Amino acid sequence: MTSQNAGGGNAILVINAGSSSLKFSVFRESGAGGLRVTINGQISGIGTEPKFEAKDAAKNPLAERVWAAGEPSDRTALLAFLLEWIEGRLDGAKLLAAGHRVVHGGTRHAAPVLLTPAVMEELESFIPLAPLHQPHNLAAIRALAEAHPELPQVACFDTAFHRGQPWQSQMFAIPRELTDEGVRRYGFHGLSYEYIARRLPELAPELADGRVVVAHLGSGASMCAIHAGRSVDSTMGFTALDGLPMGTRCGNIDPGVLIYLMRQKGMGADAIEKLLYNKSGLLGVSGLSNDMRALLDSEDPHAEEAVELFCFRIAKETGALAASMGGIDALVFTAGIGERSAPVRARVGDKLAWLGVILDPAANEANGPLISAPNSRIPVYVIPTDEEQMIALHSRKALETA
Ligand code: ADP
């Protein structure tokens, strides 16, 4: 038992479940209503050779476990183990709830929701809208409910923050019956944008009511127009495939390309899905890697093209999102590339010189938080995102208001 865990209080477990891995964090209450992370970890290899790893807040290893062949290691068994392991480290604290990142909340859920069998049934109906993520998010919830039926569970949606967007931002120009059945722009990375919308006014109170473009540049990448703390428009649409090119996803593409692939290449839905989700983006253009660091280090002209295309599209979308808000008062970079890649930010900054953006090279190298020069027409910030913190805060609130 570590001394940092001493002192009782409440705890929240945060879960982000994928197809074969499950990331988790444990948050503890820390005075003045705050929550701080005390444990991070993951179970990888679910369905093949599960492996559990956990670290404390300073990234020191706490525990590891692999499951021997023949040992029960389905999701329910893994989550039962995880809960037991966590409860052994709570030092008298009460585990209030498990908060899950759930990719799709449909059109109805503009806020997190306490899970009940009826809500689960509704969330299952969104599987066709997000077949690569939603089933795995829900499988973890079901497995945990089986292992620990008494533990309240909360779903926090990647789509929720965008639900207040004007209709023009949410609608495709397609026959209305398709819109009515749910073929519309949802927007994703909402938990990240919501965190940034809360954090930015702490750094710059004058921007609380401002028009802010946020670039979430991770292995998945998107951008969002936020006006007075609310999402107005976003680059991701019906799925997390739209908008910017990403590590392996194509981003915005002429739908005529899909028809071409079907007609001329005889490709079916599965092959097209694989091409657009797994073989495109930085990887497809460079032919080398989906990792921005490898591309920036490479001398290969195709690596350079991948980086350039990524930055070009970020600059272009900044203009589009500014137009959605009738102007722009600040630009924010976040997530893996946004938080750590000064060269990418510098390139985007150069391409936005027409907008009066001037970066301060030293501040940019130091990763901010303010990276624009005093004579820049708009301030530019780097703000590390924290989707897990957002889920923990939401989960606690959902319990209080239930
Ligand atoms: P995810 O979307 O999976 O949560 P992250 O936000 O952690 O991803 O971002 C991961 C990506 O960030 C990696 O694929 C890598 O390309 C990029 N990245 C991380 N550190 C750096 C860095 N120092 N310079 C450039 N890119 C980086």
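Predicted model, so just to flag it, every value in this text is computed and none were measured. Each chain has its residues counted from 1, running along the sequence as written. In keeping with the model being predicted, local features are shown solely for residues with a pLDDT of at least 70 and side-chain atom pairs are shown and tallied solely at 80 or more, while totals for entire chains, interfaces and linings include all residues. The side-chain values count all of the structure's non-hydrogen atoms but skip hydrogen atoms and water molecules.

## Some remarks on the packing of aromatic side chains
What counts is decided by this rule: Only Phe, Tyr and Trp rings are paired, with Trp represented by its six-membered ring, and only when their centres lie within 6.5 Å; those with planes under 30 degrees apart are stacked, over 60 edge-to-face, the remainder tilted. Only DSSP runs of H or I covering at least 4 residues are called helices, and only runs of E covering at least 2 are called strands; the numbering of each starts at the N terminus. Here the term buried applies to any residue with accessible area under 20% of the maximum for its type, exposed to any over 50%, and partly exposed to those in between, with areas from a 1.4 Å probe on protein chains only.
Following the criterion strictly, the structure yields 5 aromatic pairs and no others. Ring centres 5.0 Å apart and planes at 85° place the aromatic pair Phe52 and Phe81 in the edge-to-face group. With Phe52 in strand S4 (residues 51–56) and Phe81 in helix H1 (residues 75–87), this pair connects stretches of sequence that are 29 residues apart. With respect to class, Phe52 is no different from Phe81; both count as buried. Taking the centre distance of 5.1 Å and the plane angle of 70° together, the rings of Phe52 and Trp85 count as edge-to-face.

## Describing the sheet that holds strand S10 (residues 221–227)
Basically, it comes down to this: By definition, two strands form a pair when at least two bridges between them are found by DSSP. In this description, a line fitted to the C-alpha atoms serves as the axis of each element, helices being fitted only across the stretch in contact, and the angle between N-to-C directions of two axes falls anywhere from 0 to 180 degrees.
Across the sheet, 5 strands lie side by side as S11-S10-S9-S12-S13; this open sheet has mixed pairing. Edge positions in the sheet fall to strand S11 (230–234) and strand S13 (380–382), since each of these pairs with one other strand and no more. Going across the sheet, the axis of each strand differs from the next one's by a mean of 25°, ignoring polarity. The sheet contact formed by S10 and S11 spans 4 bridges and is antiparallel.

## Notes on helix H6 (residues 190–203)
Stated precisely, the cut-off is as follows: Here a helix's expected span is defined as the number of its residues, less one, multiplied by 1.5 Å.
In this model H6 runs 20 Å from its N-terminal to its C-terminal C-alpha over 14 residues, within 8% of the 20 Å that 1.5 Å per residue would give. Taken together, the buried positions of H6 are Gly190, Leu191, Ser192, Tyr193, Glu194, Tyr195, Ile196, Ala197 and Leu200.

## Digging into the side chain of Thr159
Threshold: Distance and chemistry together define a polar contact, namely a pair of N or O atoms within 3.5 Å, with one atom able to donate a hydrogen and the other to accept it when in protein, and with adjacent residues in sequence counting only for side-chain atoms on both sides. Any two residues whose heavy atoms approach within 4.5 Å are treated as being in contact.
Positionally, Thr159 belongs in the loop between strand S8 (153–157) and helix H4 (167–170). At 3.0 Å, the side chain of Thr159 and the backbone nitrogen of Gly105 are in polar contact. The contacts of Thr159, once residues within four sequence positions are left out, are Val103, His104, Gly105, Gly106, Tyr186, Gly187 and Phe188.

## Quick look at the state of the cysteines
The condition that has to hold: When two cysteine sulfur atoms lie within 2.5 Å, the pair is treated as a disulfide.
Enumeration according to the criterion identifies 0 disulfides in this entry. Unpaired in terms of disulfides, Cys250 finds its nearest cysteine sulfur in Cys311, a separation of 18 Å. The exposure class of Cys311 is buried, given its relative accessible area of 0%.

## Overview of the UniProt feature "site: Transition state stabilizer" (unreviewed entry) in the chain
The following threshold applies: UniProt positions are given in the numbering used here, feature names are shortened, and annotations may be inferred rather than shown by experiment.
Following the UniProt record, the feature "site: Transition state stabilizer" (unreviewed entry) maps to His189 and Arg249 here. Looking at His189, the relative accessible area reads 9%, which means it is buried. Not counting chain neighbours up to four residues away, the residues in contact with His189 comprise Arg101, Asp158, His162, His216, Gly220, Ala221, Ser222, Met236 and Glu387. As for its placement among the helices and strands, Arg249 is situated in the loop between S11 and helix H7 (255–265). For Arg249, a relative accessible area of 17% puts it in the buried group. With residues near it in sequence (within four places) discarded, Arg249 still touches Gly220, Met236, Ala240, Leu241, Leu276, Tyr277, Ser280 and Gly281. At a separation of 2.8 Å, a polar atom in the side chain of Arg249 contacts the main-chain carbonyl oxygen of Ala240.

## Re the sheet that holds S8
With mixed pairing, the 8 strands of this open sheet are ordered in space as S5-S4-S3-S2-S1-S6-S8-S7. Every other strand in the sheet has two partners, leaving strand S5 (61–66) and strand S7 (113–114) as the edge strands with one partner each. Note: strand S6 (residues 94–102) against S8, 5 bridges, orientation parallel. Within S8, the residue paired with Gly99 across the bridge is Val154.

## As for the pattern of salt bridges
Condition: We count a salt bridge whenever a side-chain nitrogen from Lys or Arg sits within 4 Å of a carboxyl oxygen from Asp or Glu.
Following the criterion strictly, the structure yields 16 salt bridges and no others. Put simply, Arg396 and Glu29 hold a salt bridge, and the shortest N to O gap is 3.0 Å. Taken together, the positions of Arg396 in helix H15 (residues 387–401) and Glu29 in strand S2 (residues 22–29) put the pair 367 residues apart, joining distant regions of the chain. A residue is classified by how much of its surface remains accessible, and Arg396, at 12% relative accessible area, is buried. For Arg347, the salt bridge identified is with Glu308, shortest N-O distance 2.9 Å. Taken together, the residues Arg347 in helix H13 (residues 342–351) and Glu308 in helix H11 (residues 301–325) connect sequence positions 39 residues apart. Judged by its relative accessible area of 22%, Arg347 is partly exposed. Beyond isolated ion pairs, a larger network of salt bridges with shared partners links Glu304, Glu308, Arg347 and Lys351.

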